[in-house]
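Residue-level listing of the chains:
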Amino acid sequence: MSRRTFARVVAASAAATVAARVRLSVDVVPRLAGQEVALKDLVPRGWLIGAAINQNQSDGRDTVAVDLITRQFNTISPENLLKFQSLHPEPDRFTFDAADRYVAFGRDRGMAVIGHNLVWHSQTPRWVWDGPDGALADRATMLARMRTHIMTVVGRYQDRIRGWDVVNEALNEDGTLRDSPWRRGIGDDYIARAFEFAHAADPNAELYYNDYNLATRSEKRAGAIRIVKDLQQRGIRIDAVGEQGHWRLNTPTSAELDQAITDLRTTGLTVMITELDVNLLPQAGPPARGQPPSPESNPYANGLPDEMQQALARYYADAFRVLLKHRDGMSRVTFWGVSDGDSWLNRGRTNYPLLWDRQRHPKPAFDRVVAVLAGQ
Ligand code: XIL
């Protein structure tokens, strides 16, 4: 950090701390916080803090977001670019151009570049699982395809990608293994095999298991712990477990989050929050084809009421307080997107799940997170 940056961070952090202590109205801090403070300078030593970025960002077209990402974060994840279907659309064809630019984006900025993901039931082309006559491929065929994919992709980015989500979302909500085509074709040990291939392709890469609802559902969390322990018993490398962190206001509660991290830490691994966002919209199915969303399903189309804005800010602050309590057991927090307009949670509606608004201005939630980090 340059001396000037350091001085700015110290000044801004001090202001945030003072504001928190004397309970000044938070709007004393935002200007300062939004313009001067970087999350990466405030997180505990050793933590990575980042965002998932899209191709407009990794290709440098979205220059406002590029500046923000560069200033705020020390790690990036690829929102879609490194998924199976993006990299390997046909058996003998890999498409690496956009992925190479994503990796270069992070390396050029000295960031930890994350790989997401290798083995998942979604965003994977059909050919991967297909056998003759529309049947599922047999175990040997599917394992060979998995091996080729992992060896080629992880091998290509050896020593440039810090760590990989090796297996994503392998669990049902009750903690049993999801009946994904990978499992049906290969058997339960598809998870162990995926981790082995990844380790063989890059012995220095960190390897993660990643899933959602691990903080809200204790049965599912127990399933994740079983996966980790099984790998450990087999002597296979695994470095961290990722709770995606697709949360809603007040779920998980602080107590649930606290318990979840405590439980996951019994594996001895660090915990990562890998895809953090907070959904403010009611649960609703997609609107009928060509129809706009109903007003009830899209209540904030014309703006977010201040009370919701403040509730979001409080929720983020509470969550970060819990994460800080576990600072030694946490190794990364990554937001799933940069600003509200970028988020996958919009899907035709208007959502507000992140720390920057559609104009790329920091929201009250950003200021509250800064105050919590600065006050640690
Ligand atoms: C999402 C992307 O954000 C969307 O752009 C895409 O259409 C679908 O996938 N869990 C994951 C992520 O592990 O890869 C998903 O990303 C969100 C849920």
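Details of the structure are given in the entry above.
Everything quoted here is computed from the prediction, not taken from an experiment. Just so you know, the residues in each chain are numbered from 1, in the order the chain's sequence is written. It should be noted that, the model being predicted, local features are given only for residues of pLDDT at least 70 and side-chain atom pairs only at 80 or more, the latter also being counted only at that level, while totals for whole chains, interfaces and linings use all residues. The side-chain numbers reported here are obtained from all heavy atoms of the structure, hydrogens and water having been left aside.

Focus on the side chain of K220
Okay, step 1: Looking at the secondary structure, you find K220 in helix α11 (residues 218–233).
Okay, step 2: Throughout, exposure labels follow a simple rule: accessible area from a 1.4 Å probe, protein chains only, divided by the maximum for the residue type, with under 20% read as buried, over 50% as exposed, and the rest as partly exposed. Under the relative-accessibility criterion, K220 is labelled buried at 0%.
Okay, step 3: Counting of polar contacts relies on pairs of N or O atoms within 3.5 Å, with two restrictions inside protein: one atom must be capable of donating a hydrogen and the other of accepting it, and residues adjacent in sequence are counted only when both atoms are side-chain atoms. For K220, the side chain forms a polar contact with the side chain of E173, separated by 2.6 Å.
Okay, step 4: By definition, residues are in contact when any of their heavy atoms lie within 4.5 Å. The contacts of K220, once residues within four sequence positions are left out, are L171, N172, E173, D174, G175, D211, Y212, N213 and L214. For helices the rule is a DSSP run of H or I covering at least 4 residues; for strands it is a run of E covering at least 2, with both sets numbered from the N terminus onward.

So, the pairing of strand β2 (residues 75–78)
Okay, step 1: What you see with β2 is no split at all: T75 and S77 on one side and I76 and P78 on the other are buried throughout.
Okay, step 2: Across 4 bridges, strand β1 (residues 48–53) lies against β2 in parallel orientation. The residue bridging A51 from the neighbouring strand is I76, located in β2.
Okay, step 3: Between any two strands, at least two bridges found by DSSP are needed for them to pair. In the sheet, β2 pairs with strand β3 (residues 112–119) via 2 bridges, with the strands oriented parallel. Residue pairing across strands places T75 opposite A112, the latter belonging to β3.

Brief notes about the packing of aromatic side chains
Okay, step 1: Side-chain rings of Phe, Tyr and Trp, where Trp is taken by its six-membered ring, are said to pair if the distance between their centres is within 6.5 Å; with planes under 30 degrees apart they count as stacked, over 60 as edge-to-face, and otherwise as tilted. Enumeration over the complete set of coordinates arrives at 11 aromatic pairs.
Okay, step 2: Between F94 and F96, the aromatic rings sit 5.5 Å apart at their centres with planes inclined by 5°, giving stacked as the arrangement.
Okay, step 3: Here F96 falls in the buried class, since its relative accessible area comes to 11%.
Okay, step 4: Here W129 and W182 contribute two aromatic rings whose centre-to-centre distance is 6.0 Å and whose plane-to-plane angle is 90°, an arrangement assigned as edge-to-face. Here W182 lies in helix α9 (residues 181–186) and W129 lies in the loop between β3 and α8 (139–156), a separation of 53 residues in the sequence.
Okay, step 5: W182 gets classed as buried once you look at its relative accessible area, which sits at 1%.
Okay, step 6: The rings of F73, Y316, F320, F335, W356 and F366 are connected pair by pair, giving a single aromatic cluster.
Okay, step 7: In this scheme, Lys NZ or Arg CZ marks a charge over a ring once it lies within 6 Å of the ring centre and within 35 degrees of the ring normal. Here R109 stacks its cationic end above the ring of F105, 3.8 Å away from the centre of that ring.
Okay, step 8: The cationic tip of R358 hangs over the ring face of Y352; the distance from NZ or CZ to the ring centre is 5.1 Å.

Concerning the site of the ligand
Okay, step 1: Any residue with a heavy atom lying within 4 Å of a molecule or strand is counted as near it. For the ligand, the set of nearby residues contains 13 residues, the closest of which are E79, N80, K83, H116 and E275.
Okay, step 2: Interatomic distance of 3.0 Å between a side-chain N/O atom of N168 and an oxygen atom of the ligand.
Okay, step 3: At a separation of 2.9 Å, an oxygen atom of the ligand approaches a polar side-chain atom of W336.
Okay, step 4: Contact with the protein chains hides 78% of the accessible area of the ligand, taken as 420 Å² for the molecule alone.
Okay, step 5: Taken together, the residues of the shell around the ligand sort by class into 3 nonpolar, 6 polar and 4 charged. To be clear on the numbers: accessible area is Shrake-Rupley with a 1.4 Å probe, and residue cover counts the displayed protein chains and nothing else. For this classification, the nonpolar set comprises Ala, Val, Leu, Ile, Met, Phe, Trp, Tyr, Cys and Pro, the charged set comprises Asp, Glu, Lys and Arg, and every other residue, Gly included, is treated as polar.

Here's the deal with the layout of surface pockets
Okay, step 1: The pocket and cavity definitions rest on a 1 Å grid over protein atoms only: a 1.4 Å probe that fits but cannot leave marks a cavity, an open set with protein on both sides within 12 Å along at least five of seven lines marks a pocket, and residues lining either have an atom within 4 Å of a point. Grid points are joined across faces, edges and corners, and a volume is the space filled by probe spheres set on the points. The volume enclosed by the largest pocket comes to roughly 580 Å³.
Okay, step 2: As for the largest pocket, its lining consists of 23 residues, and the residues nearest its centre are R248, N279, Q283, L345 and R347.
Okay, step 3: No other element matches the 3 residues that strand β7 (residues 246–248) contributes to the lining of the largest pocket.
Okay, step 4: Each residue belonging to the lining of the largest pocket can be placed in one class, and the counts come to 9 nonpolar, 11 polar and 3 charged.

Structural notes on the environment of V119
Okay, step 1: With respect to the helices, strands and loops of the structure, V119 is situated in strand β3.
Okay, step 2: For V119, a relative accessible area of 1% translates into the label buried.
Okay, step 3: Here V119 is in contact with M146, I150, V166, V167, N168, W182, Y190 and A194, once residues within four sequence places are set aside.

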